[in-house]
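As a plain string of letters, each chain reads:
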Amino acid sequence: MTKKIPSQAQVVIIGGGVVGCSIAYHLTKLGWKEVVLLERKKLTSGTTWHAAGLVGQLRATLNMTRLAQYTAELYTTLEKETGQATGFKQRGSISIATTKERFEELMRGASMAKTFGLEVEAIGPSDIKKLWPLLNVEDVVGGVFLPKDGQTNPVDTTMALAKGATMGGARIFEETKVTAIRQAKGRASGVVTSAGAEIAADYVVIAGGMWSRELGALCGVNIPLQACEHFYIVTEDFPALSPDLPVLRDPDNCAYFKEDAGKLLLGAFEPNAKPWGVDGIPEDFEFGELPEDFDHFTPILEAAMRRIPALERVGIRKFFNGPESFTPDVRYMLGEAPELRHLFVAAGFNSTGIQSAGGAGKVLAEWIVAGHPPMDLWDVDIRRMQPFQGNRRYLTARVSESLGLLYAMHWPYRQYESARGVRTSPFYEQLKARGACFGEAAGWERPNWYASNGEAPAYRYSYGRQNWFPYAAAEHRAAREGVALFDQSSFAKFLLQGRDAEAVLQRICANDVAVPPGRIVYTQWLNERGGIEADLTVTRLAETVYMIVTSGACAVRDFNWLCRHIPPDAQVAATDVTSGYAVLGLMGPRSRALLARLSGEACENGDFPFGQSREIEIGHARLRASRITYVGELGWELYIPTEFARGVFDAVMATGEPLGLRLAGMHAMDSCRIEKAYRSWGHDISDEDTPLEAGLVFACKLDKNIDFLGKDALLRQRERGAPAKRLLQFALDDPEPLLYHNEPIYRDGMIVGRTTSGNYGHSLGRAVALGYVHEPSGVDRAYVAEGRFEIEVAGARFAARASLEPMYDPKSTRIRV
């Protein structure tokens, strides 16, 4: 490898594990020659060298599965291309279930895999026994077999990627630690190495594994990850093992197994993980192993011996304990850092680095070269991370749980148990005292439902109707028939102020925001390709002041998008004021009467029409009341200065309870919004979807002589006629099954799409979902009306009605009454 470090590069990649080498490899495939990779010690010496090497393909979402599929495809050809052995073998994989609930999870995953074009087969205990003869299957309910899954040698695969990169012109330097990351004019501009050499660069990529958080700290970039101890054992020679055995996953016992050169490797994702290196990673750590902990691993080993009785007669050759980095939500981090342009991150792979490296390296390279991601990568976009998540105490607590979640039951609505109570609204204690069961989103504690009649405010999970179902149904009905109160304080709120505020927003917003003060505009922010980057409301407070409201989960992403699209010479200032305002949603047919009593204001339609926002008084406070809704009913959102929030809440409850006011949670809000076919960014719409495809073109100023980001792309798409994909609403004919997301959609017996979000529509009396369908000739009214639709749930198909319009109140008369 080249010895002389250059002074200039197009890109410097920090980290010589499998991910860093993949990024270098893929950049050279795109024609970049001035690619430099720096590794602090030797290639693979961090965590790559001791990875188990599993290459699974079925992931939680379509695009993550596509990336895993690409990784497997790449590994099948890499050895031939480079001449470097990789050890990749497609032996398949089996996941087994020992409970009917786990089997339903696997079957729902198998149904989802069909929409991804992934080969998967549901199998029973006898078939599992044939594929893995040594297994005890007495307690096995069933499983799924993915024949194209495989395993590889992590070190050899990394070396093949590194060789491919150098063949393409990249230069790799080992024993070269990065001690500083330079920046200029808001961009990363290069690095300084331990030898004192400086490399000027157009781009810098942090792919430093468990060192990435401290590398980010060098340049003010938040990369929330924490290393944990990760265990496996390797047996002595195991003559009874076939070399062609599929990888075996036994998630109910937190274990995975693979044949490894005539031996058996048994690894674990235990529920209570052990964080490591919390106070820093030793400077000399290289190919390092951590102390053995047999007591910690013993429960996994004992369960494994029950699963494979022959294991009792085989000795243990190696007990391995090594660090792996984990993130707060068990998804890796990819993309350009919001804090610093041209600084990209690929880190926190949660022990899935080998199976993720090919796809992650490919899309990050394409992102760097093109200036935007090649597909919707929100699942792993680093902009989903909140600033507080880099807190060491928070990370230590959360990753203790998150490691085990890889094999835990993936229940619908499952809530984290660790690091809770981090962000609370001013109403938290008041709502807790009234039976709130809280869920967490972006660190916010949000009431998901309210317990009563002796029910404890705690989840009892299942794939069927969970214990909160009747309580959420009553809250839903209160919003539809009476009046309900929602805590919506987790909404992110930004102010854009200054002489050029209108001009800046007219360029960023797809809808027309040149409205009088006091008007609310629902709009999307689009990219140049017409894809939806954000879905939010903009309220004009004054001639030079706007308030932007978006979801809490998108706070970092949307604020970053706003700031990066303000021209350098614009006279405006953007401020995140989320913490300054608590928000109560007062929703339902009786909300008008209640608000009038509370405020003394005239709230009739002629006095306070839909889409208007103005200041009112409640109790001792002045606050902003905005007539808008996310549940599809008459209602107002109340934006209350935080210091007045508790007093306003008390006043609302005292006046509202005699009128039948009911506290309501996020589950009720979600079921209401899906009934009304309201879209949710990150689920139903993304940067891959255009307003024409999502049914949101009504919120675009296409026919006005006003330019905005994405307009040209939308006009071109509109000229082509009906879009080839379209978001529809679905309702099952059978009232019993439940829908969540990623269920296959059939039209006339053929898979044409998948659901994007689902819930039970209590007003419609059946499960309701949104989902995209695809038809190359165009999805129009005839296509919807003339088709016979079904949705598959855990292998069974159910007839469904499809609609372009909301099935609940399609004319929105209830909102505008």
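The preceding data block contains the structure.
What you see is a predicted model, and the numbers here were worked out from it, not measured in a lab.

The subject of this paragraph is the overall build of the chain. What the chain contains, in helices and strands, is 19 helices and 37 strands. Over its C-alpha atoms the chain spans a radius of gyration of 27 Å, differing by no more than 12% from the 28 Å that the globule rule assigns to 817 residues. Considering only C-alpha atoms, the chain reaches an extent of 80 × 65 × 55 Å along its principal axes. Within the chain, the fraction of its 817 residues that count as buried is 62%. Roughly 30200 Å² of accessible area belongs to the chain as shown, and the carbon and sulfur atoms make up 49% of that amount. Treating the 91 positive side-chain charges of the chain as one cloud and the 99 negative ones as another, the clouds have centres 3 Å apart.

This part takes up the sheet that holds strand 28 (residues 613-618). Read across the open sheet, the six strands follow the order 28-29-30-27-21-31; overall the sheet is mixed. Each edge of the open sheet is held by one strand with a lone partner, namely strand 28 and strand 31 (662-664). For this sheet the average axis-to-axis angle between neighbouring strands, irrespective of direction, equals 30 degrees. Here strand 21 (residues 484-487) pairs with strand 27 (residues 581-587) via four bridges, running antiparallel. Bridge pairing in strand 27 places A484 opposite M587. Helix-sheet contacts for helix 11 (residues 469-481) involve strand 21, strand 27 and strand 31, and the interaxial angle to strand 31 is about 115 degrees.

Attention now moves to the nonpolar core. Nonpolar side chains in soluble globular proteins tend to end up buried together. One finds I13, I23, Y75, L334, L364 and L377 to be the most contacted residues of the largest nonpolar core, which totals 47 residues. For this core, the elements supplying multiple residues, two or more each, are strand 1 (8-14), helix 1 (18-29), strand 2 (35-38), helix 2 (62-82), helix 5 (154-167), strand 11 (198-206), strand 18 (343-347) and helix 8 (353-370). Tallying contributions element by element places helix 8 first for this core, with eight residues. Not counting residues up to four positions away in its chain, the partners in contact with I23 are I13, V205, A207, A346, G361, L364 and A365.

On to the packing of aromatic side chains, then. With the rule as written, the count across this model stands at 35 aromatic pairs. For the pair W49 and F287, a centre-to-centre distance of 5.8 Å together with 75 degrees between the ring planes defines the contact as edge-to-face. With a gap of 238 residues between them, W49 in the loop between strand 2 and strand 3 (54-55) and F287 in the loop between strand 15 (263-268) and helix 7 (294-307) connect regions that are remote in the sequence. What makes W49 partly exposed here is its relative accessible area of 22%. Overall, the relative accessible area of 36% leaves F287 in the partly exposed class. Geometrically, the ring pair formed by F608 and W636 is edge-to-face, given 5.6 Å between the ring centres and 80 degrees between the ring planes. One end of the pair, F608, is in the loop between helix 14 (591-599) and strand 28; the other, W636, is in strand 30 (residues 635-641), and 28 residues separate them in sequence. On the basis of relative accessibility, which here comes to 0%, the residue F608 falls in the buried class. Of the aromatic side chains, those joined through ring pairs into one cluster are W411, W449, Y459, Y461, Y463 and Y471. Residue placement shows K725 over the ring face of Y772; its charged tip is 4.9 Å from the ring centre.

Glancing now at helix 3 (residues 100-115). The end-to-end C-alpha separation of helix 3 is 23 Å, in line with the 22 Å expected for 16 residues at 1.5 Å each. Listed in full, the buried residues belonging to helix 3 are R102, E105, L106, M107, R108, G109, A110, S111, M112, A113 and T115. Among the residues trailing helix 3, G117 stands out with phi positive, at a value near 70 degrees.

Turning our eyes to something else, we now look at helix 1. Under the 1.5 Å per step criterion, the end-to-end length of helix 1 is 16 Å for twelve residues, consistent within 8% with the ideal 16 Å. With eleven of twelve residues buried, helix 1 lies mostly within the body of the structure. Among all positions of helix 1, only V18, V19, G20, C21, S22, I23, A24, Y25, H26, L27 and T28 are buried. Immediately downstream of helix 1, the backbone of G31 shows phi near 100 degrees, a positive value.

About the criteria used
- Residues numbered from 1 in each chain as written.
- Predicted model: local features only at pLDDT ≥ 70, side-chain atom pairs only at ≥ 80, totals over all residues.
- Heavy atoms only, no water.
- Helix = DSSP H or I, 4+ residues; strand = E, 2+ residues; numbered from the N terminus.
- Rg over C-alpha atoms; globule rule 2.2 N^0.38 Å.
- Buried < 20%, exposed > 50% of the residue type's maximum accessible area, 1.4 Å probe, protein only.
- Areas by Shrake-Rupley, 256 points an atom, 1.4 Å probe, with all protein chains shown as cover.
- Lys, Arg positive; Asp, Glu negative; His and termini not counted.
- Charge placed at Lys NZ, Arg CZ, Asp CG, Glu CD.
- Pairing = 2+ DSSP bridges.
- Axes fitted to C-alpha atoms, helices over the stretch in contact; angles between N-to-C directions.
- Contact = heavy atoms within 4.5 Å.
- Core = buried A, V, L, I, M, F, W, Y, C linked by side-chain atoms within 4.5 Å.
- Phe/Tyr/Trp six-rings, centres within 6.5 Å; stacked < 30°, edge-to-face > 60°.
- Lys NZ or Arg CZ within 6 Å of the ring centre and 35° of its normal.
- Expected span 1.5 Å × (residues − 1).

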